[in-house]
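# Per-entry structural report
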Amino acid sequence: MLTTAHANGQAKASHTPDNVAIKPQRMGFEFDEKVPRYWLDNNYLISHTMNALSVLFPEGEQFFVDSVRAFRDQINDPKLKAEVRGFIGQEAMHSLEHIAMNQHVRDQGMPVEEMEKDLKVILDLARKLPKRHQLAVTCALEHITAMMADMLLERDDVREDMHETMRPLWVWHAIEETEHKAVAYDVFQQVGGTYAERAFYQLFATAALGVVATWFTGRMVMKDRKHFSVKGAAKGMWRMWGKDGAFSSLIPAWAEYFKPDFHPWDKDNSELIGRFKAQIQQYIAPQYKSGNRRTLQ
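We now turn to the structure provided with this report. Computed from a predicted model, the values in this text were never measured in an experiment.

### Topic: the environment of T217
Here T217 is to be found in helix α8 (residues 195-223). Separated by 41 residues in sequence, T217 and F258 place their C-alpha atoms 28 Å apart.

### As for the pattern of salt bridges
Counted by the stated rule, this structure contains 22 salt bridges. With a shortest N-O distance of 3.7 Å, D41 and R239 are connected by a salt bridge. Residue D41 is found in the segment before α1 (44-69), and its partner R239 is found in helix α9 (residues 230-241); the two are separated by 198 residues along the sequence. Take D41: its relative accessible area is 17%, and that puts it in the buried class. Here K267 ties to E154 by a salt bridge, and the two come within 3.1 Å at their closest N and O atoms. Taken together, the residues K267 in the loop between α10 (251-256) and α11 (270-280) and E154 in helix α4 (residues 131-154) connect sequence positions 113 residues apart. Overlapping salt bridges, with partners in common, bring together D66, R69, K120, D124 and R127 in one network.

### Focus: the nonpolar core
In this structure, W39, M101, L135, W170, V187 and F216 are the most contacted members of the largest nonpolar core, which totals 86 residues. Broken down by element, the residue count for this core peaks at 13 residues, all from α1. Those residues in contact with L135 that sit more than four places away from it in its chain are S67, V68, F71, A184, V187, F188 and V191.

Definitions and limits used
- Sequence positions are assigned chain by chain, starting from 1 and proceeding in written order.
- In keeping with the model being predicted, local features are shown solely for residues with a pLDDT of at least 70 and side-chain atom pairs are shown and tallied solely at 80 or more, while totals for entire chains, interfaces and linings include all residues.
- Hydrogens are left out, water is left out, and the side-chain values use all remaining heavy atoms of the structure.
- The numbering of helices and of strands both runs from the N terminus, where a helix is a DSSP run of H or I of at least 4 residues and a strand a run of E of at least 2.
- We count a salt bridge whenever a side-chain nitrogen from Lys or Arg sits within 4 Å of a carboxyl oxygen from Asp or Glu.
- In this scheme, a residue with accessible area under 20% of its type's maximum is buried, one over 50% is exposed, and one in between is partly exposed, where area comes from a 1.4 Å probe on protein chains only.
- In plain words, nonpolar cores are sets of buried Ala, Val, Leu, Ile, Met, Phe, Trp, Tyr and Cys residues tied together by side-chain atoms within 4.5 Å.
- Residues are treated as being in contact if the distance between any of their heavy atoms lies within 4.5 Å.

This is the structure we're talking about:
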């Protein structure tokens, strides 16, 4: 349950439930020849789409970290300050794990390095926005990643479509995206962010993400066009955007963001975190089980 006020009547800065701990964890996932080329539903288009999204994470999550860190000194609430540290550490770990996955995709002949350079140019342009607007962009994209995370943890069919060598990475990432889904939003609220800013940048960020993700997916598809099939592409589009598709099913949750009183924890899915966290521990690489995990703050 969300608690909205201190005992002294002042509004709380953090609305993350008390049973959710935002702590970074290095997993040390490895990707080798056991990972099939088309690891999601054995489908050419869906696998390239998710590979393209993975390419976005290292640079994208650095942008998220920078936008939140810019306001860290303005946060006085001890709970939110601790959550900001956890958020920064978790995003750093996500980058490291997706760098490993992206190297695997690069080894398959995909133009990952060129995409990373193009993405950096785009994000450098975004960094010219006022700091609070950058934070609004982060809030918008964190809402999108939180929606995807919730969908992945709720839908058995989506997880089961993932090859067993890739499933742990995406489930772990979904757990942590759910844990810290409100941190950037709570910081934004604390530093005077407005409804107009967050609504505008949700539209802006959604359009930008759609264009860049489609562009990157298309580049991978063209690089791998010898394996293209109309039937496979049609099946992939239907699984993503058809009735009850992985992405089309997110539209109602996306629209929730435009409610004036919206908060990411309006949907309390913290029980999913506990359920999947118990399972994911088995995938921690041996060198990190001793407790010598790296955290970046």
